[in-house]
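Notes for the structure review
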Amino acid sequence: MLHHLRETLGRIPAPRRYGRIMALLLASLGGAVDVFSHMRYEALVATQTGNFILLIADLHRDTPHAVHLRWFSVIFFSCGYLGGHLIHDLLGQRARMRHWRIGTLLPFLLVCFAVPFMDGTLSNSFQVGALAFTVGLMIHALADTRIGENPFSLFMTSGNWRKMLSAWYAAGSLYLPRKTPDGASKDEAKARRRAALLKALDYSLVVISFIAGVLLMALVHRWAGVFSIWLAALVAGTAFCFGYQAEKKESRAEGNG
């Protein structure tokens, strides 16, 4: 059974830009960094809609510190996202630097390593602002990362959950009747079923990776406290290595072509 599953997963097309592993690492990173920020600061640095919900839900509570940090997150995330636009224009379009997208992981890495040393010496506002800014930067730069041929939401999973459910419904509607769609040959019908199944698997793996990041960060935080942010740094560093190697491979392929 495991061998059959391995073969099935091996036939799933790789993402266009960086590779399948990169997409799953980014999904798990999103879950990990938001759980850390919520447990540590009662604010989210990636899912900004969550910050607005928390702000409204806590109107009746006397939590000025949490409100302050959530607004800091919203503002600095927005600045980081707009900074991604600026970097795209300056380094991507004008300078045509190949590795500028994957390079946006490096500021996040530096912030993650610095956060434990900021704790207790600088206000939480600096930590939340720095994390939100670098996350916004990454989300803009890496927005076109795909799983298979399918776009997915970076650092959040509500949209991916809906896409997963729709994909499984579509796959089920093709597999359960086991009849050939009108105007399609048996081979075409088989290809459609396979494509629908692979799409459903793609989105399921993204959701599972996000949940895995959430659970792992929650467990590590109980043991390591503020140093658990280094888990997010480890995931981001691994993603950077995979992405950088993929871009070098792409450059060599273009050069040989």
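Located above this text is the structure these notes cover.
Here the structure is a predicted model, which is why all the values come from computation and not from measurement. (Residues numbered from 1 in each chain as written. Predicted model: local features only at pLDDT ≥ 70, side-chain atom pairs only at ≥ 80, totals over all residues. Heavy atoms only, no water.)

**Examining the side chain of Asn-51**
Operational definition: Each helix is a run of H or I in the DSSP string that is no shorter than four residues. Each strand is a run of E no shorter than two, and both are numbered from the N terminus. Each residue is placed in one exposure class: buried if its accessible area under a 1.4 Å probe, protein chains only, is under 20% of its type's maximum, exposed if it is over 50%, and partly exposed if it falls in between. Here a polar contact is recorded for every N or O atom pair within 3.5 Å, except that within protein the pair must consist of a potential hydrogen donor and a potential acceptor, and residues adjacent in sequence are included only if both atoms are side-chain atoms. In what follows, a contact means two residues having at least one pair of non-hydrogen atoms within 4.5 Å.
With respect to the element layout, Asn-51 can be found in helix α3 (residues 48-57). By relative accessible area, Asn-51 is classed as buried at 0%. Polar side-chain contacts of Asn-51 include one of 2.6 Å to the backbone oxygen of Leu-44. In this view, Asn-51 contacts Ala-43, Leu-44, Arg-70, Ser-73 and Val-74; residues no more than four positions away in its chain are not counted.

**As for the environment of Thr-47**
The topology assignment puts Thr-47 in the loop between α2 (20-41) and α3. Taking the C-alpha atoms as reference, Thr-47 lies 9.9 Å from Ser-158; in sequence the two are 111 residues apart. In this view, Thr-47 contacts Asp-34, Phe-155 and Met-156; residues no more than four positions away in its chain are not counted.

**What about the packing of helix α6 (residues 105-118) against helix α7 (residues 124-141)?**
Rules: The convention used is that axes are lines fitted to C-alpha atoms, helices contributing only their stretch in contact, and that angles between N-to-C directions extend from 0 to 180 degrees. For classification purposes, angles smaller than 35 degrees are called roughly parallel, those larger than 145 roughly antiparallel, those between 65 and 115 roughly perpendicular, and all remaining angles oblique. Here a crossing is called left-handed whenever its near helix is offset anticlockwise from the far helix by less than a right angle, and right-handed whenever the offset is clockwise. For this scheme, ten residues count as nonpolar: Ala, Val, Leu, Ile, Met, Phe, Trp, Tyr, Cys and Pro. Four count as charged, namely Asp, Glu, Lys and Arg, and the remainder, Gly too, count as polar.
Packing of α6 against α7 leaves a shortest axis separation of 9 Å and a crossing angle of 165°. As far as their axial angle goes, α7 and α6 are roughly antiparallel. Of the two elements, α6 crosses α7, and the hand of that crossing is left-handed. Two secondary-structure elements touch here, α6 through Leu-105, Pro-107, Phe-108, Val-111, Cys-112, Val-115 and Met-118 and α7 through Gln-127, Ala-130, Leu-131, Thr-134, Val-135, Leu-137 and Met-138. Considered class by class, the residues forming the contact of α6 with α7 number twelve nonpolar, two polar and no charged.

As far as function goes, none of this settles anything; it's purely spatial.
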